[in-house]
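# Secondary and tertiary structure notes
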Amino acid sequence: MITKFDSLYAGHVDMTDIGYGGMPVNDRKFDNDHLITAYSKAEAIAKTLDANGFDTMWMAEHHFQPEGYECIPNLIMLNVHLAHLTKNIKFGCGFNIAPMWHPLRLAEDYATADILTNGRVIFGVGRGYHTREVETFGSNITDQDANREEFEEAVDIIFKAFNNESFSHQGKYYTLPPEVPYRGYTLKELTLVPRPKTLPVECWQPIQGGTQRALDFMVKHGIKGILGGGVAEGGVMDSIMTGYRDALVRGGKTDAQLGEGLSVGFHFHLAPTVEQAIKESKSFYEENLKMFGPLRLHRGLTDEQIEIMGDPRRAPDGGLPSIEDAVKSQAFLAGPPERIIEQLKSVEKEYPALERIGVSHPMGTPQSVITEQLEWFGKEVMPAFKGKVGANA
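In short, a report on the structure.

Reading the values: the criteria
Residues numbered from 1 in each chain as written. Predicted model: local features only at pLDDT ≥ 70, side-chain atom pairs only at ≥ 80, totals over all residues. Heavy atoms only, no water. Helix = DSSP H or I, 4+ residues; strand = E, 2+ residues; numbered from the N terminus. Rg over C-alpha atoms; globule rule 2.2 N^0.38 Å. Buried < 20%, exposed > 50% of the residue type's maximum accessible area, 1.4 Å probe, protein only. Contact = heavy atoms within 4.5 Å. Areas by Shrake-Rupley, 256 points an atom, 1.4 Å probe, with all protein chains shown as cover. Lys, Arg positive; Asp, Glu negative; His and termini not counted. Charge placed at Lys NZ, Arg CZ, Asp CG, Glu CD. Salt bridge = Lys/Arg side-chain N within 4 Å of Asp/Glu carboxyl O. Polar contact = N/O pair within 3.5 Å; in protein donor to acceptor, adjacent residues only side chain to side chain. Core = buried A, V, L, I, M, F, W, Y, C linked by side-chain atoms within 4.5 Å. Pairing = 2+ DSSP bridges. Right-handed = clockwise from strand over helix to strand, strands pointing away. Phe/Tyr/Trp six-rings, centres within 6.5 Å; stacked < 30°, edge-to-face > 60°.

Below, the discussion takes up the overall build of the protein. Counting secondary structure elements, the protein contains 13 helices and 14 strands. Scaling as 2.2 N^0.38, a compact globule of 393 residues should have a C-alpha radius of gyration of about 21 Å, and the protein matches this with 21 Å. With respect to the principal axes defined by its C-alpha atoms, the protein has extents near 75 × 45 × 40 Å. Out of the 393 residues belonging to the protein, those deemed buried represent 55%. Within the protein, residue pairs in contact and separated by at least 24 positions form 74% of the contacts whose partners lie at least 6 positions apart. Carbon together with sulfur atoms contributes 51% to the accessible area of the protein, which is approximately 17000 Å² in total. The averaged location of the 53 negative side-chain charges in the protein is 4 Å from the averaged location of its 39 positive side-chain charges.

Here it is as structure tokens:
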């Protein structure tokens, strides 16, 4: 049963000349004064979500983006700040890119945030997808096998540090601690100081391909999964719902149900009619696809479509994915509140163990539209779901 509603803000600044016929992504550049408006935008969204009963605000860690799409390099620091401006809402790290961090620095920073916010920061890990940032920080991503190895070893270390008063680790990439002399003895173990106050640590991870190896690794550490609604297409992916349930069973939870431990994300736009919603959000949808399509985060795009997407003269009539098709497939929720309630109720019926839904807006959506839409959603959609977090609760 759906009881929690979240929202993702990946850190895009307000921008103009968007959509398939607008400025190409690689030509877009903003000065620092405009790039830092991502922080005031995050503040406004956080306050709106908090006032309207949402459970968690998720944000994304990214680096080196003068194009203005993902402008938050330090989630944990921003989450602590936002927690001090709000009352109830939690803040999710969606996601800390584990291969770019020393795992113990990430563990320390998260533990500090957990303590300073009294448990209102939710941990999240990912492998990354931008070569520009991951390779710049000295980690692998063009070599996907090495990226997976680095990620898994880093996460293993983080959970050792969280869950044990002292620990050691020997692996391919890390030997912790190094066996060096220290104040008259040789180091054999380390203690994370501080450890999180909230244990066990709730952790989430995005699910893209959903391989058995990836899902089994998540279950091993009790990591929950988020699918759709951010960089990826929104909506339910039945193969992942089934795959994660099967991984839980393999991990020993023999009574696992479809939807358990997962969150499903959607982009959305409310309007009196479906047609008006499509008209108002069309350019936002297209800008989002322009950003993430070339990164292979939208399934089924051909090399020719990706080439066309970068040319505003060809893109509008280039046979690219359309918001109309996304609305038809229910990857994008559009229309009046009662229509969106009906669509979410059908998801709830099919996956009764699904408790959490994410609703957010594509790249390019301005702050004024985001806050207005979230307030409308909180007032007219969320009350239809029993057990939701109440506004100002």
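Time to look at the side chain of glutamate 70. Residue placement: glutamate 70 occurs in the loop between strand 2 (56–59) and helix 3 (75–83). The side chain of glutamate 70 sits in the buried core without any salt bridge; arginine 132 is the nearest counter-charge, 7.2 Å away. A polar side-chain atom of glutamate 70 sits 3.2 Å from a polar atom in the side chain of histidine 62. Side-chain polar atoms of glutamate 70 contact the side chain of tyrosine 129, separated by 2.8 Å.

Attention now goes to the nonpolar core. Counting residues in each nonpolar core, the largest one holds 96 residues, and the members touching the most others are Met57, Met59, Leu344 and Phe377. Of all the elements, helix 6 (residues 144–163) adds the most residues to this core, at eight residues. If you look at the next biggest cluster of nonpolar residues, it comprises 18 residues, including Leu301, Met309, Ala326 and Val327.

For the rest of this paragraph, the subject is the pattern of salt bridges. Enumeration over the complete set of coordinates arrives at 22 salt bridges. Here arginine 28 and glutamate 287 are joined by a salt bridge, their closest N and O atoms 3.4 Å apart. Taken together, the residues span a long stretch of sequence, with arginine 28 in the loop between strand 1 (4–9) and helix 1 (32–35) and glutamate 287 in helix 9 (residues 274–292) at a distance of 259 residues. Pair check on accessibility: arginine 28 and glutamate 287 agree, each one buried. Bridged by salt links that share partners, the residues Asp6, Asp55 and Arg356 form one connected network.

Here strand 5 (residues 121–126) runs beside strand 10 (residues 203–206); their pairing, made up of two bridges, is parallel. Across the sheet, residue glycine 124 finds its bridge partner in strand 10, namely tryptophan 204. Two strands pair when backbone bridges link them, and strand 10 and strand 11 (residues 224–227) are joined in this way by three bridges, in the parallel orientation. Opposite tryptophan 204, over in strand 11, you have lysine 224 as the bridge partner. The parallel pair strand 10 and strand 11, bridged by helix 7 (residues 212–220), forms a crossover whose chirality is right-handed.

Another point: the packing of aromatic side chains. Enumeration over the complete set of coordinates arrives at 15 aromatic pairs. Arranged with centres 5.9 Å apart and planes meeting at 80°, the rings of phenylalanine 159 and phenylalanine 162 form a pair that is edge-to-face. With a gap of three residues between them, phenylalanine 159 and phenylalanine 162 both fall in helix 6, about one helical turn apart. Assigned by exposure class, phenylalanine 159 and phenylalanine 162 land together as buried.

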